[in-house]
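Summary of structural features
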Amino acid sequence: MKINSGTDDNDSLRVLKTILLSFALITHSESFRDVICSLFILSEPSDYLKFNSEVKDPKLLFGNIKTGDNKVNQLIDRLKTDAGLFNRNFNIFISSTGNGGQQITSELKTFYSMIKAREKLRSKLNKPAAALTPENSSAAPADIIFRMDNGYYLNGEFFEKCDYCRAVTSEEIYIIGNFTSFTRVEVIERLLKLIKSGPTRDYSFRKNPDIIIHIPEESTIDVTIPVTLAQLMSKEFSDFRNMKIKTTMKHTKTMEQSKGYSMIQRSIILSND
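Since this is a predicted model, take the numbers as computed values, not measurements. (Residues numbered from 1 in each chain as written. Predicted model: local features only at pLDDT ≥ 70, side-chain atom pairs only at ≥ 80, totals over all residues. Heavy atoms only, no water.)

1. A word on the overall build of the protein
Along the protein, the regular secondary structure elements total 10 helices and 11 strands. Over its C-alpha trace the protein gives a radius of gyration of 24 Å, far above what one expects of a compact globule, namely 19 Å for 273 residues. Overall, the protein is about 75 × 45 × 35 Å in size when its C-alpha atoms are taken along their principal axes. The buried share of the protein, reckoned over its 273 residues, is 42%. The contacts in the protein between residues at least 6 apart in sequence include a share of 68% that link residues at least 24 apart. (Helix = DSSP H or I, 4+ residues; strand = E, 2+ residues; numbered from the N terminus. Rg over C-alpha atoms; globule rule 2.2 N^0.38 Å. Buried < 20%, exposed > 50% of the residue type's maximum accessible area, 1.4 Å probe, protein only. Contact = heavy atoms within 4.5 Å.)

So, in structure tokens, the structure goes:
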């Protein structure tokens, strides 16, 4: 468990944390999303009780890991707060060296059997998913909402009050509703009008440090949206270099199935919706 890696490693856990973080980054890649990190770790008896409880709580195991990359930190935060995600990617067993060689060997055999059983179950459950197709169903286009100090901009009109809009965060552009292959033309027109003209005459998005386009969980998107957004950002919004797309993990997974995802990937930030 503890390996002294040198300076600035007071708890001698840098090696373990580096392994965990490295594997977390690997599993974040689409190609290795379903890979499991199985670790059988020996611990001194004095540390066993503490570490044996920590591996059951991702918040403790990843608690002090921080990097200089915001996206990596977001991934770490998800692992700390989503036990299901942690358990899908990590399988960790702590064995005390005080138990003796025979007991450790028995625990290792049990651990190996658990790995094989888990892989067998996953192979049954992981049936190929049908590829997502564009959503062409008839539907009302999504609303474009922008909240300011004195009211709300809703599809080109200003309202001092808007019960429907109360949940939106100030200074973020919301796309709420159906943003799909069927509705995207009208949604894009609404979005262009807001960003190009501003919600009011004296408001300019060029002054904002970041322009955040927020697609919350309740909205509906399909696989055409990454290409749509990429075209907007490379053409109509080419002179706006500070655009970000804020959305949920669910919508991100939909976007990842589109060929256009790689063109907008660096602009995506995850929300907690």
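2. Section: the pairing of strand S10 (residues 243-247)
Along S10, four of the five residues are buried, which leaves the element largely enclosed by surrounding structure. In terms of strand pairing, strand S8 (residues 211-215) meets S10 through five bridges, oriented parallel. From the neighbouring strand, isoleucine 211 faces S10, where its bridge partner is methionine 243. Strand direction decides the pairing type here: S10 and strand S11 (residues 268-270), joined by three bridges, are parallel. (Pairing = 2+ DSSP bridges.)

3. Considerations on the packing of aromatic side chains
Scanning the model with the defined rule gives eight aromatic pairs in all. Pairing phenylalanine 93 with phenylalanine 111 gives two aromatic rings, centres 6.0 Å apart and planes at 45°, and the pair type is tilted. Linking phenylalanine 93 in strand S2 (residues 90-96) with phenylalanine 111 in helix H6 (residues 101-125), this pair joins segments that are 18 residues apart in sequence. A residue is classified by how much of its surface remains accessible, and phenylalanine 111, at 5% relative accessible area, is buried. Note on phenylalanine 146 and tyrosine 203: the rings are 5.5 Å apart at their centroids and 70° apart in plane angle, and the pair reads as edge-to-face. Residue phenylalanine 146 is found in strand S3 (residues 143-148), and its partner tyrosine 203 is found in the loop between helix H7 (184-197) and S8; the two are separated by 57 residues along the sequence. (Phe/Tyr/Trp six-rings, centres within 6.5 Å; stacked < 30°, edge-to-face > 60°.)

4. Some details on the sheet that holds S10
Strands belonging to one sheet form pairs held by backbone hydrogen bonds; the direction of such a pair is parallel or antiparallel. Spatially, the seven strands line up as an open sheet ordered S5-S4-S3-S6-S8-S10-S11, and their pairing is mixed. Since the sheet does not close on itself, it has two edges, and those belong to strand S5 (157-159) and S11, each with one partner. Shown here is a sheet whose adjacent strand axes are inclined to one another by a mean of 25°, direction ignored. Of the strands in this sheet, S3, strand S4 (151-154), strand S6 (173-176), S8 and S10 touch H7, which is tilted by about 25° from S3. (Axes fitted to C-alpha atoms, helices over the stretch in contact; angles between N-to-C directions.)

5. What about the nonpolar core?
Among the nonpolar cores identified, the biggest contains 31 residues, and Ile173, Ile175, Leu191 and Leu229 are the most heavily contacted of them. Elements represented by at least two residues in this core include exactly S3, S6, H7, S8, helix H8 (225-234), S10 and helix H10 (261-264). Among the elements that take part in this core, H7 stands out by supplying five residues, more than any other. Excluding anything up to four places from it in sequence, leucine 191 contacts Ile144, Ile173, Ile175, Ile213, Leu232 and Phe237. Among the nonpolar cores identified, the runner-up in size contains 23 residues, and Leu21, Cys37, Leu85 and Phe86 belong to it. (Core = buried A, V, L, I, M, F, W, Y, C linked by side-chain atoms within 4.5 Å.)

6. Points about unusual backbone geometry
Most peptide bonds take the trans form, and the phi angle of most residues other than glycine is negative. Phi is positive for asparagine 155, which is not a glycine, with a value near 50°. Phi is positive for glutamate 171, close to 70°, though the residue is something other than glycine. Here glutamate 171 falls in the partly exposed class, since its relative accessible area comes to 32%.

7. A few points about the pairing of S2
Within S2, six of the seven residues are buried, which leaves it mostly tucked inside the rest of the structure. As paired strands, strand S1 (residues 37-43) and S2 are joined by seven bridges and run parallel to one another. Note that in S2 the partner of cysteine 37 across the bridge is phenylalanine 90.

8. Some thoughts on the environment of valine 223
As for its placement among the helices and strands, valine 223 is situated in the loop between strand S9 (220-221) and H8. C-alpha separation for the pair valine 223 and threonine 254, spaced 31 residues apart in sequence, amounts to 6.2 Å.

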